[in-house]
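# Architecture and fold: a report
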Amino acid sequence: MVSQPMASGPGELLLEQLLTAAHAATPMELPSLVQRFADATSLDQIDVYLVDLQQRCLVPLSDGPPTLDVNTSVAGSAYRAHDLRVEELPQGRITVWLPLIDGAERLGVIGATAPLIDGVLLRRCRMLASILAMVITSKRASSDSFARRTRSQVMQLPAEMLRAFLPPRTVGNSRAISTAVLEPAYNIGGDVFDHSLTSSTLHVAILDAMGHNLASGLTTSVAMAGCRNARRAGAELPELVDNIQRALAEWLPEQFCTGIFAQLDLAGGVLRWCNCGHPPPLLIRDHRVLAGALERSAQPPLGTPGLLAGNPWQVHEEHLKPGDRVLMYTDGVTEARTGNGVEFGLERFTDTIIRATAAGESAPEALRQLIHSLLDRQEKPLRDDATLLLMEWCPSSPR
């Protein structure tokens, strides 16, 4: 059990020293730095775990501790719930599991083990988890160590290229969150997603290129660069789509892709989007998919030569209610095959969405369960990329 708070000690100084040392440490030196903190604070040990690429297991950052299953372990419960979990061990020990979260993105967990963890020590462990999350995020862009730890297969070249351009899996604040997954995780060819937050707007995009090869990845990479380039220059949605169209026409005139580009007003919940030949997004309200709620006429895909004459891009608009979720997906999701060879289809996909969201899980956890439900029905590997992006407007829900 976790006892009541005790008087504060020198733990804050230890955390400061840890943060200072972590700046110069390599990723694989972090466990020894964390253990120094454990030794100085009467903890038996602190184990650091990162979630694997497909969010199925928690992988220890150091050699020795076992890999843990996200769905069945106490540590996995802390990861799924974004909250503390306590595990009782033999010989009167307990392990307190705390999630590693950077902003809105779940990175893994830490496990602090001791005979007793009082309130002061628990507070220090929480601070340690926050520091580690920031340190891990800052170092993983300049080191291969974290990628090696969290991969269970060899990454194919197109997937390696696309993943180098992707944003974090999840972004969010107190008013909105966006989270996405890509499968097959190690062999994606032409799907990408993008999301970004400003003080007033959540920007999201999902793209699906023709084919499943390196050329497909180049197509969506150019399209995503065009999207970001226009967005960062303050372009409105029609100008943003035009910028992508021009980039594809200039650099990859034989390629095209479909996509949705959307902006969510964080204050009023107004969703605006352009649909370029893509499956329409789905609106989830009160754990139900509202059939056809966001279905609008789609315009031709990006890169289509006939559009180079300057036809205007149509912007659609919908007022969301607090708690609404909008799900975007690529056609690899609905065209997946079940074990008996039957196409998954939109109706079955909709039923799966309802089951994944009805339990009241957070958006990242609901999406994790949704993609795993889809993959677990597959007898063979996916024939096409399957990408899901889920956004939620939650203006009155503190996070």
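In this report, the structure presented in the accompanying data block is examined.

About the criteria used
- Residues numbered from 1 in each chain as written.
- Predicted model: local features only at pLDDT ≥ 70, side-chain atom pairs only at ≥ 80, totals over all residues.
- Heavy atoms only, no water.
- Helix = DSSP H or I, 4+ residues; strand = E, 2+ residues; numbered from the N terminus.
- Rg over C-alpha atoms; globule rule 2.2 N^0.38 Å.
- Buried < 20%, exposed > 50% of the residue type's maximum accessible area, 1.4 Å probe, protein only.
- Contact = heavy atoms within 4.5 Å.
- Areas by Shrake-Rupley, 256 points an atom, 1.4 Å probe, with all protein chains shown as cover.
- Lys, Arg positive; Asp, Glu negative; His and termini not counted.
- Charge placed at Lys NZ, Arg CZ, Asp CG, Glu CD.
- Pairing = 2+ DSSP bridges.
- Axes fitted to C-alpha atoms, helices over the stretch in contact; angles between N-to-C directions.
- Salt bridge = Lys/Arg side-chain N within 4 Å of Asp/Glu carboxyl O.

### With respect to the overall build of the protein chain
On a plain count of helices and strands, the protein chain comes out with eleven helices and 17 strands. Computed over C-alpha atoms, the radius of gyration of the protein chain comes to 22 Å, within 12% of the 21 Å expected from 2.2 N^0.38 for 399 residues, which places it in the range of a compact globule. The principal-axis extent of the C-alpha atoms belonging to the protein chain is close to 70 × 45 × 40 Å. Every one of the 399 residues in the protein chain was classed for burial, and the buried ones make up 53%. Within the protein chain, residue pairs in contact and separated by at least 24 positions form 66% of the contacts whose partners lie at least 6 positions apart. Per element, the accessible surface of the protein chain, about 17400 Å² overall, is 52% carbon and sulfur. Charged side chains of the protein chain number 35 positive and 44 negative; the gap between the two group centres comes to 2 Å.

### Concerning the sheet that holds strand β8 (residues 176-183)
What the six strands build is an open sheet, ordered β7-β8-β17-β16-β13-β14; its pairing is antiparallel. Both outer strands of the open sheet, β7 (170-172) and β14 (288-290), are each paired with one neighbouring strand and no more. In this sheet, adjacent strand axes meet at a mean angle of 20° when their direction is disregarded. Where strand β16 (residues 325-329) and strand β17 (residues 386-393) come together, five bridges link them in antiparallel fashion. Across the sheet, L327 pairs through a bridge with L390, a residue of β17. Along the sheet, helix α11 (residues 363-376) contacts β7, β8, β16 and β17; its crossing angle with β8, the most-contacted strand, is approximately 20°.

### Comments concerning the pattern of salt bridges
In this structure the tally under the stated criterion is 14 salt bridges. For the salt bridge of D194 with R228, the shortest nitrogen-to-oxygen distance reads 2.9 Å. On the criterion of sequence distance, the pair formed by D194 in strand β9 (residues 191-197) and R228 in helix α7 (residues 214-232) is long-range, its members being 34 residues apart. Assigned by exposure class, D194 and R228 land together as buried. Here E317 makes a salt bridge to R272, at a shortest N to O gap of 3.9 Å. Of the two residues, E317 sits in strand β15 (residues 316-319) while R272 sits in strand β12 (residues 270-276), which places them 45 residues apart along the sequence. Accessibility expressed as a relative area gives 45% for E317, which makes it partly exposed. The structure contains a network of salt bridges with shared partners spanning R106, E365 and R368.

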